[in-house]
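# What the coordinates show
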Amino acid sequence: DRARELDHIRGRPNQALGTMKFTNSIHLALVIPLKSVPVVHAAVRLGSNQHPEVRQDEHNVVVTDPLSHSTSSGLLRAAANRRANTNTNSNGNVNTNGNNGNNQGQGKGRPFRSDCTAAVADIQGVSPEDDLKIACEDERTGVARDLDINKVWMREAISSRRLHPGDKILVGDKSMIGEDGKVHPSNANPGIERRGGKKKGGNGAGRKLASVTGDKSVLAVKVVLFDATYTKTESELSDSVFGTNGDPVNLKSQYAACSHNQLNVVQATTRTGKSTSITNGVVTIRLDGTGEATPPANLTTAHPDSIVRPAVTEELNAQFSDLGLSANQLANHVMYCLPPGTMSGIAYAFINNWNSVYSDMWCNYVSAQMHEIGHNLNLAHSNENGSYKDQTGMMGYSYSENDGPVMCFNNAKNWQLGWFSDRQQIIEKEACVEGLEIEGQARYSSSSTRPVIVKINAGSTAANPKEDYYLGFNHKAGANVGTREAANQVTIQRATIEDGSGTPGGGSAASELVAKLGNGGEWTSPDLGGGQVTVKVTGIDTSSMTGFATVDIISNLCSCASDAECDDGYTCNGAETCDLVTEKCVPGTPTGGERTIEVSVFTDNYPTETTWNVANSASDVVMSSSSYSDPDKLYTKSVEVCPADDTAGNYTFTINDTYGDGICCRYGFGSYTVKLDGTDVANGGEFTNQEIKNFPVGPAGPAPTTAPITPLPTPSPTKALVTPLPSLSPTASPSGSPTSSPTASPNESPSASPSGAPTSSPTPAPNVVPTTTSPTDSPSSFPSGAPTSSPSVSPTTSPTKSPTNSPTSSPTVSPTNAPTSPPTSSPTASPTVSPTYAPTVLPTVSPTKAP
């Protein structure tokens, strides 16, 4: 029955099953008449626990598959095709086309087609000379076989950027697959055909770049061999990758945090295969002789991963072939979790590809997950001193920790990923910039105008890429709180990120950590084509909500000859000028006037369908949405704009829904609000595919002031209201008219009698001020602490010298309520220094004009 399933039998005319008998070992004989060629008898002998073999006699090629997981059909076709040009060397190994056994390390094997797609992998946990591999991938099936090739050629091809992942490798039409599972090219130095190159009418490098935003589906594969299995259960594996059972830090959560929700890891679609199924983003694949591949692979840990990995891919293909899906179509990224002892190193992944491979528990460790999927996203290693030891981010070496370290990527990788593209700044090697504030990625907020990454351009062009320098503040906070190196310091990496096509990230290249600077730290670049740049840190702020460093970036080439050369085009930070003596630019004085635009979106049940942007009158997008992943969640983003730079001042808010049902109110109750300086200028939620709202953004007006308050007369006397000099009690009678001026001095003689109107009781407290034009030289020795209950025991030593010559300069608006009832027995002793506790019952409405 197994023989009848072979695809070279099924559906082919003029082919007959010859003989088939079963003993302790299986002999399968197939006679394949082929039109216009001699009949070839292909005998396959699969002995019990024996390695396959290849031999030839006068009329027959005896072929056994050196890879127990491979289908026989390809072998038999290959055997037939090799009828006229196959010979045997002295060791009994088959050679083709007169190759005379020059396929290095091939051993016993079978032919391999003459070209393949390059899959390049960085390997963790092996010696530096072995940390790189190239595989030949069939893009249709996803099966990739390691390429056994000269390591010098391999490293030169990659480091010189002649070879990119996805390029076509011309291995030669005499190439073989050896019993080690590797492709042994007949060309000692294989040719390279650039995908998207001249033959394709373009100039791109390799395959299309992996997307780094939006939803990315992931499938984790638990691999079972005959003698070992990946350690964890499917449930535990799903939890460590997606957090399905509450794992706090995992692949999904950390990519969301580091990208600020721009990249969302999702579980692969649930599917049912022939004898296994995908559930919660996980599937089990058995290579223990019970699988669905033809024939089923029966492998042990003695087989290298160069055999095991292709076998996993072929079993996935067989399991889901009825759905028309191959392994590389089941998810954006497929993780192979191998049993312990199966592979060298701890993990590897193919760059700008779909496949990653892990040794047992390393499939659970978040740093390994982030690192290897990072390779899939086209990231190379983060180096320090030549090897991947840059521990400021995840592309250095990984850690055997389930939930840590909690950190993201370094400056060069963040620039390549583009998650902070709205906060990137390029400074040319000839420029001088002082007081530049760089914000840490952990607290990235679109409401800030500080750059997150600064690139010092060493002179790269699309045609001539060079190593540039990338600056950032490694803020130990948020998603980066677990950074293992240079915490809360300014770090600088050197890297070549743009390739000849000019596409950011088009060619993956390792970065090198060159500086870690604390406050006051300084670093000077090597020669950058005739100039050098010095970076000096002048301040570090590690507050939890901001987190930024202040730096000066000074080139020995920077100079100016006019103000225009210094103008940065941003009016609100003032006009920069050129000091013609020093030939240096002088920063302007900020004028203010920025206005804040804030957009808040409350998502509906399908948040990934929603995008928006804000553009100015020149149609330049000043702010746009991130990728939304959570339903029923409020997202807020803001930006500062300078109206003086946009005289038209007409801004446009555009919101889109890919499904065409808006964000309210069929599938959730989403809404949006646009504010200008805190005031609503647009809102909504019910629309179809798109809604556009226009709003003016003119110069900010002066800040409103509080209206001035004219003091009103107190409704009741204050505790100590002092009128400069008029007496607090009424004179004996109202003055007839005011005198033209107050008396210069008191009369020489005292008044003949007490005041005309006695007081009803002693004064409640000493007078506020003396009745004389100026106070007495000193206060009385012991003024009363409180009003006396009866008149003073005796009059003062002497009465006041005399009454005033004339009435006060201005009368009160109205007399006091009433004169006091009885006279006091004698005048008060003398004016006291301190005022009375309270004024008269009704104070004057306005003070007198003069004392």
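See the structure shown above.
Rules and cut-offs
- Residues numbered from 1 in each chain as written.
- Predicted model: local features only at pLDDT ≥ 70, side-chain atom pairs only at ≥ 80, totals over all residues.
- Heavy atoms only, no water.
- Salt bridge = Lys/Arg side-chain N within 4 Å of Asp/Glu carboxyl O.
- Helix = DSSP H or I, 4+ residues; strand = E, 2+ residues; numbered from the N terminus.
- Buried < 20%, exposed > 50% of the residue type's maximum accessible area, 1.4 Å probe, protein only.
- Pairing = 2+ DSSP bridges.
- Polar contact = N/O pair within 3.5 Å; in protein donor to acceptor, adjacent residues only side chain to side chain.

To continue, consider the pattern of salt bridges. Inspection of every chain in the model, using the stated rule, returns 18 salt bridges. For D305, the salt bridge goes to R309, with nearest N and O atoms at 3.8 Å. Placement of both D305 and R309 in helix α6 (residues 305–319) is noted, with a separation of 4 residues, approximately one turn of the helix. Both residues of the pair, D305 and R309, count as buried. The partner of K516 in a salt bridge is E485, and the shortest N-O contact between them spans 2.9 Å. Placement of K516 in strand β30 (residues 511–517) and of E485 in the loop between β28 (468–473) and β29 (490–495) is noted, with a sequence separation of 31 residues between them. When its relative accessible area of 38% is taken as the criterion, K516 is described as partly exposed.

Taken in spatial order, the 6 strands of this open sheet run β24-β30-β29-β28-β27-β25, and their pairing is mixed. Only two strands of the sheet have a single neighbouring strand rather than two, namely β24 (382–383) and β25 (424–428).

Quick look at unusual backbone geometry now. Residues G404 and P405 are joined by a peptide bond in cis, for which omega reads -5°. Examined against the element boundaries, P405 turns out to sit in the loop between β24 and α8 (411–417). The linkage connecting C664 with the following residue, C665, adopts the cis geometry, with an omega of 20°. The phi torsion at D632 lies on the positive side, around 55°, for a residue other than glycine. Assignment of secondary structure puts D632 in the loop between β38 (621–624) and β39 (634–641). Given a relative accessible area of 44%, D632 falls into the partly exposed group.

To continue, consider the environment of R145. Mapped onto the elements, R145 comes out in strand β11 (residues 144–146). Classification of R145 by relative accessible area gives buried; the value is 6%.

Here we take up helix α5 (residues 251–258). Restricting attention to buried positions, one finds in α5 the residues L251, Q254, Y255, A256 and C258. The N-cap of α5, judged by a side-chain oxygen 3.1 Å from the amide nitrogen of K252 a few residues on, is N250. Where α5 ends, the next residue or the one after it, H260, has phi of about 55°, a positive value.

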